[in-house]
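# Results of the structural survey
The residues making up each chain are set out below.
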Amino acid sequence: MINYTHVMNGRTHGAAPAPHTDDVPDSGDALTIGGAAVGAVAGDDMATPDDEPQLTDFCLVPTGTASEDGPDPVDELIEGWRRERPDIDLGALSCFARMKWLTKNLATTGEQVLRRHGLNPGEFDVLAALRRSGPLCTLIPSQLSALLMMSRAGITNRLDRLEASGLVERTLDPADRRSFRIRLTDKGRAVIDAAITEHAQIINRFSAVLTAEQRASLDDMLRTLLRAFP
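For the structure given in this document, a descriptive report is provided here. Residue positions are counted from 1 within each chain, in the order its sequence is given. With the structure being a predicted model, the display of local features is reserved for residues of pLDDT at least 70 and the display and counting of side-chain atom pairs for 80 or more, all residues being used for whole-chain, interface and lining totals. To get the side-chain values, take all heavy atoms of the structure and skip hydrogens and water.

### Some remarks on the packing of helix α4 (residues 121-131) against helix α5 (residues 141-148)
A pair of packed helices is captured by two measures, namely the crossing angle of their axes and the spacing between those axes. Here is the rule: Helix axes use the C-alpha atoms of the stretch in contact, all axes being lines fitted to C-alpha atoms, and the angles between their N-to-C directions lie in the range 0 to 180 degrees. A run of H or I in DSSP becomes a helix once it reaches four residues, and a run of E becomes a strand once it reaches two; helices and strands are each numbered from the N terminus. Orientation categories follow fixed angle ranges, with anything under 35 degrees roughly parallel, anything over 145 roughly antiparallel, 65 to 115 roughly perpendicular, and all other angles oblique. Rotating anticlockwise by less than a right angle from the far helix to the near helix defines a left-handed crossing, while the corresponding clockwise rotation defines a right-handed one. In what follows, residue pairs with any heavy atoms lying within 4.5 Å of each other are defined as contacts.
Where α4 meets α5, the closest approach of the two axes is 11 Å, and the angle between their N-to-C directions is 115°. Here α4 lies roughly perpendicular to α5, going by the angle between them. As for how α4 packs across α5, the hand of that crossing is right-handed. Contacts between α4 and α5 involve D125, V126 and A129 on the former and, on the latter, L144, L147 and L148.

Here you go:
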């Protein structure tokens, strides 16, 4: 799971996303997963001051499943805003509130999957990037930095932990003796494959309530919405 939170932050502000300099667990990689965080958890971005208005305050939703019939917490949220602010057009708010609710549940699921496989989201990102890079599962640090939009220092911190756990290995790059290559070990490949497989199974069971046509339509609509960001 790659963490796309910082990508969208950069697009929203009309600037290229800056590389991360720390190694705080990513928000969403977990599934986000699949290099994908389906994922996710605690964010990489710095926390905003408590007195700064937060968008989440406008659209706070719970975790857990919705009731099978009758109004759900999003309906109650919309009704409250319609009562208090009838001047605001709330036509699309319910859709976005439910997307947020869904994302929170997926993030929780992703965290649980990663914990079962002994990973945190940042470590998952590195393993996933290596695993999907091709048959050799090998990259150089600059490639990892670009893929994960992190500083070399942040990547190094993650690599140190993964190497100590026997999940990756570093060897000198024969094409440039000043650099080195990062490769998944057999153990690392087994761990990332197991984590991806488990998460995909969970997502497939969850999405089975939709038909193939509904899933394709939802995918198209979400792609269109993401393109609407400045």
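Moving on from the model shown.
### Quick notes on the pairing of strand β2 (residues 168-173)
For clarity, the cut-off: The pairing criterion is simple: DSSP has to find at least two bridges between the two strands.
The sheet contact formed by β2 and strand β3 (residues 176-184) spans 6 bridges and is antiparallel. Residue pairing in the sheet places R170 in a bridge with I182 of β3. The antiparallel hairpin formed by β2 and β3 contains 2 residues in its connecting segment.

### Things to note about a nonpolar patch on the surface
Formally: Like-charged residues within 9 Å of one another, or nonpolar side chains (Val, Leu, Ile, Met, Phe, Trp, Tyr) within 5 Å, are grouped into patches, provided each residue has over 30% relative accessible area and no salt bridge. The Shrake-Rupley method, run with a 1.4 Å probe sphere, supplies the accessible areas, and residue values consider only the shown protein chains as cover. Only one rule defines a salt bridge in this text: a Lys or Arg side-chain nitrogen within 4 Å of an Asp or Glu carboxyl oxygen.
A contiguous nonpolar patch, built from F96, L218, M221, L222 and L225 and spanning about 420 Å² of accessible area, is present on the exposed surface. Considering every element that reaches the nonpolar patch, the biggest residue donor is helix α8 (residues 212-227), with 4 residues.

### Here's the deal with the packing of α4 against helix α7 (residues 186-207)
The N-to-C vectors of α4 and α7 enclose an angle of 100°; their axes lie 10 Å apart at closest approach. Taken as axis vectors, α4 and α7 run roughly perpendicular relative to one another. Contact residues: α4 offers F124, L127, A128 and R131, while α7 offers R189, V191, I192, D193, A195 and I196.

### Considering the nonpolar core
Note the following rule: Working definition of a nonpolar core: buried Ala, Val, Leu, Ile, Met, Phe, Trp, Tyr and Cys residues. They are joined through side-chain atoms within 4.5 Å. Relative accessibility decides the category of a residue: with a 1.4 Å probe and only protein chains considered, values under 20% of the type maximum give buried, values over 50% give exposed, and everything between is partly exposed.
In this structure, L127, L144 and V168 are the most contacted members of the largest nonpolar core, which totals 23 residues. A per-element tally of this core places α4 first, with 6 residues. Once residues within four sequence positions are removed from consideration, L144 is found in contact with V126, A129, L139, M149, I155, L159 and I182. If you look at the next biggest cluster of nonpolar residues, it comprises 7 residues, including V74, L77, I78 and L90.

So far we have only geometry, and geometry alone does not tell us how the molecule works.
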